[in-house]
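# What the coordinates show
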Amino acid sequence: MGRILLAIAGLLGLSDFACTDVRHLGGDAAEDDGAEGSGDVTYRDEAPGDAAEDALPDGDDGDADGESAADGDTADADPDGDAADVDPDGEGDGDAEGDAYPYDVVHPPSVCGDGTVDPGEECDDRNRMNGDGCDWLCRLGDGSFTYPPLDPTVPDLVVDGDPVPVTTIDETDIWAFGDGFPFCGGLHLAWTGRFFGLAYNVDQPYFGVHVRFLNADGTEAHAVWRHDTPWEMWDHALAWSGTELALFSGNARDGIALSRFSDDGDELAAMSPIRGPDPRDPSVVVVQHLSHAAWSGDRYLVVSPWDYPFWSLETFGPAGEMLGTTLLSPGREARSCVRSLPLAGGWAVTDGWQLAIVDTSLSVTGYSGQVGAAWPGSTSEPVEGARVVDVGDGLVVVWMAGSGTGWDWTWALWMAGMSYDGDPTWPPRPIVVGIDCVRDGGGGPGMSPGWSGWSTAYGPAGIVVVAWTDTDGETIPGGELLVINTDRWGNVVSGPVSLLGEGVTTAHGYALDIAASDSGYGIVTVEDGPISTTGRIVYRHFRPAE
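Residues numbered from 1 in each chain as written. Predicted model: local features only at pLDDT ≥ 70, side-chain atom pairs only at ≥ 80, totals over all residues. Heavy atoms only, no water.

### Quick look at the overall build of the chain
Counting secondary structure elements, the chain contains one helix and 31 strands. Sorting the 546 residues of the chain into buried and exposed places 60% on the buried side. (Helix = DSSP H or I, 4+ residues; strand = E, 2+ residues; numbered from the N terminus. Buried < 20%, exposed > 50% of the residue type's maximum accessible area, 1.4 Å probe, protein only.)

### Here we look at the pairing of strand S12 (residues 267-275)
When strand S11 (residues 255-261) meets S12, the two strands line up antiparallel, connected through five bridges. Counterpart to isoleucine 256 in the pairing with S12 is arginine 275. Counting the residues that bridge the hairpin from S11 to S12 gives five residues, and of these glycine 265 lies at a positive phi of roughly 95°. (Pairing = 2+ DSSP bridges.)

### A word on the sheet that holds strand S5 (residues 187-191)
With antiparallel pairing, four strands are arranged side by side in an open sheet as S5-S6-S7-S8. For this open sheet the edge positions go to S5 and strand S8 (220-229), each flanked by a neighbour on one side alone. On average, each strand axis in the sheet is tilted by 15° relative to the strand beside it, whichever way the strands run. Bridge count for strand S7 (residues 207-214) against S8 is seven bridges, and the pairing is antiparallel. Of the residues in S8, the one forming a bridge with leucine 214 is glutamate 220. (Axes fitted to C-alpha atoms, helices over the stretch in contact; angles between N-to-C directions.)

### Description of the pairing of S11
The buried fraction of S11 is high, at seven of seven residues. Where strand S10 (residues 245-251) meets S11, seven bridges bridge the pair, whose relative direction is antiparallel. Its bridge partner being in S11, phenylalanine 248 is matched across the sheet by leucine 258. Taking the residues that link successive antiparallel strands as the turn, the S10-S11 hairpin has three residues.

### Focus on the packing of aromatic side chains
Taken as a whole and judged by the stated rule, the model has 13 aromatic pairs. Between phenylalanine 196 and tyrosine 539, the aromatic rings sit 5.9 Å apart at their centres with planes inclined by 55°, giving tilted as the arrangement. Taken together, the positions of phenylalanine 196 in strand S6 (residues 196-202) and tyrosine 539 in strand S31 (residues 535-544) put the pair 343 residues apart, joining distant regions of the chain. Summarising the burial analysis for this pair, phenylalanine 196 and tyrosine 539 share the class buried. On the basis of an interplanar angle of 10° and a centroid distance of 6.2 Å, the ring pair of tryptophan 399 and tryptophan 414 is categorised as stacked. Of the two residues, tryptophan 399 sits in strand S22 (residues 395-405) while tryptophan 414 sits in strand S23 (residues 408-418), which places them 15 residues apart along the sequence. Residues tryptophan 399 and tryptophan 414 agree in their burial class; the two are buried. Among the aromatic residues, ring-to-ring pairing joins Trp136, Phe145, Tyr147, Trp426 and Trp489 into one connected group. (Phe/Tyr/Trp six-rings, centres within 6.5 Å; stacked < 30°, edge-to-face > 60°.)

### With respect to the state of the cysteines
Two cysteines, two sulfur atoms, one covalent bond between them: this is a disulfide. Considering all chains together, one arrives at two disulfides under this definition. Paired through a disulfide, cysteine 112 and cysteine 138 show a sulfur-sulfur distance of 2.1 Å. The sign of the 95° torsion about the S-S bond sets the cysteine 112-cysteine 138 disulfide as right-handed. With a gap of 26 residues between them, cysteine 112 in the loop between strand S2 (105-106) and strand S3 (157-159) and cysteine 138 in the loop between S2 and S3 connect regions that are remote in the sequence. Both residues of the pair, cysteine 112 and cysteine 138, count as buried. (Disulfide = S-S within 2.5 Å.)

### A word on the confidence of the model for the chain
Across the chain, pLDDT averages 74, with 65% of residues at or above 70. Scored below 50 in pLDDT, residues 1-102 shows 243 contacts in the model against residues more than four places distant or in partner chains. Taken as a whole, residues 282-287 scores under 50 in pLDDT and shows eleven contacts with residues more than four places along the chain or in a different chain. (pLDDT = per-residue confidence, 0-100. Contact = heavy atoms within 4.5 Å.)

### Focus: the sheet that holds strand S25 (residues 454-459)
Taken together, four strands build an open sheet; the order of strands is S25-S26-S27-S28 and the sheet is antiparallel. Sheet topology places S25 and strand S28 (492-498) at the edges, where each strand pairs with a single neighbour. In this sheet, adjacent strand axes meet at a mean angle of 15° when their direction is disregarded. Note: S25 against strand S26 (residues 462-468), six bridges, orientation antiparallel. Across the sheet, the residue bridging to threonine 456 is valine 465, located in S26.

### A look at unusual backbone geometry
That bond from glycine 495 to proline 496 is cis: its omega, 10°, falls within 30 degrees of zero. Its place among the elements puts proline 496 in strand S28. Notably, arginine 126 is not glycine yet its phi reads approximately 70°, a positive angle. Structurally, arginine 126 is set in the loop between S2 and S3. Owing to a relative accessible area of 36%, arginine 126 belongs among the partly exposed residues under this scheme.

### Observations regarding the pattern of salt bridges
Enumeration over the complete set of coordinates arrives at ten salt bridges. As a salt-bridge pair, aspartate 160 and arginine 543 come within 3.8 Å of each other at their nearest N and O atoms. On the criterion of sequence distance, the pair formed by aspartate 160 in the loop between S3 and strand S4 (164-165) and arginine 543 in strand S31 is long-range, its members being 383 residues apart. Taking relative accessible area as the criterion, aspartate 160 reaches 34% and is therefore assigned partly exposed. One salt bridge connects arginine 260 with glutamate 244, and the closest N-O pair in it is separated by 2.9 Å. Residue arginine 260 is located in strand S11, and its partner glutamate 244 is located in the loop between strand S9 (235-240) and S10; the two are separated by 16 residues in the primary sequence. Glutamate 244 shares its class with arginine 260; the two are buried. Salt bridges linked by common partners bring Glu171, Arg212 and Glu220 together as one network. (Salt bridge = Lys/Arg side-chain N within 4 Å of Asp/Glu carboxyl O.)

Structure (structure tokens):
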């Protein structure tokens, strides 16, 4: 079918693999042993260049200034269009190419890790790592830091029941899960306080998105919700507001649509457009992908990469009314998938290299500089789409990085601590490194989380990471999905544990997500079907040991 698996391999492994042993560096603990949707969305047949004529929600005319009724000052363009010109490579040289971006672009403050030696810094090598001659605080030398010992209050993580199939093989096509598209992952899981909401793309018989509502044991909590459309709905995101579950869906050509559900799974509002194609540049039809969404205060943040040099940050009210929008240029380069985390009064946003703290008006209140990096001696870049978790008294950024050429890559899981202002509290630390037989799909570290096969969440057993390992090294890969938990300092508590069962492999481990509840963690992934382009979604619950 011409659909080639492009999968960035995972990074965890067991010591009895027929490959290099996994080394746990983060402590010694590892050595111990529905109902049819009623609303329809109308999609256009016009060429992309006609998109600017489409009306925006609430009668907005789509002017390029990005002004909104609530936060009109967050992205107002200069009236003559020359004060904020930014060229596609982010250098802002004001030439004809740069005039394609005559919009206000927010630039974070200069900090350690941005590649510029600022007053008070002895060096700046575009990262905040130790061991490479310029340490995590931009001082010359290899730096030093004593990590606290393993937190004895963090329990081991144990499986809680068998894997539960939640879809049939013929309901979906692997293409819709992330084999090629969507760019930022085809499965999304969120905890509502009563159930896990699962959103996923479908490709049979039409493109669209379905939502299932699952109890902690994987049984259905409500009838499945469906929205099918003849046009692609590649990217989507789930966000829980405390009272409602919001599903944002869309793509660059059609814009963003919103569906809303009550805390018991009933549809409150059918899928309907809340924004057409990005009014700042309707010709950008490929590179803007809805990445993630999160609720804070009284509004949702929707984050999308926008032509790669920028993050597009947009806020919407509970019913989808647009409140604010801006472009953020986070340091040297923005990556193609972005994740967000709700904080008091705003959000943390990260893409694998850097982390920014923004308030509800989309002003930048903190910035980390270039955190994500490969380990010393490697020239590779970090995988896109790092995750960030709130551990109660600060943040922990989690990402993967690797080295290799062609089909041969070795990966490591990294963590680093941050304050709520984006300042580092402990330096980047490799938690698990090394199985030399891991392969990517030939694309190297430039692939997106839809292919990278890993996710993380914070809950009652600390920081839990699930990752896919391609252990056979074939072009069409197959590997185990392994789960590990750490304390807030990155000390390994237990694991890895097999998600699907010991020795059970999948060729589609790039499609997965995890969400934490008060009592455990739900994880979803795709189990192989009879041929390479088919599979079914399975769910499994993990809980802290008693």
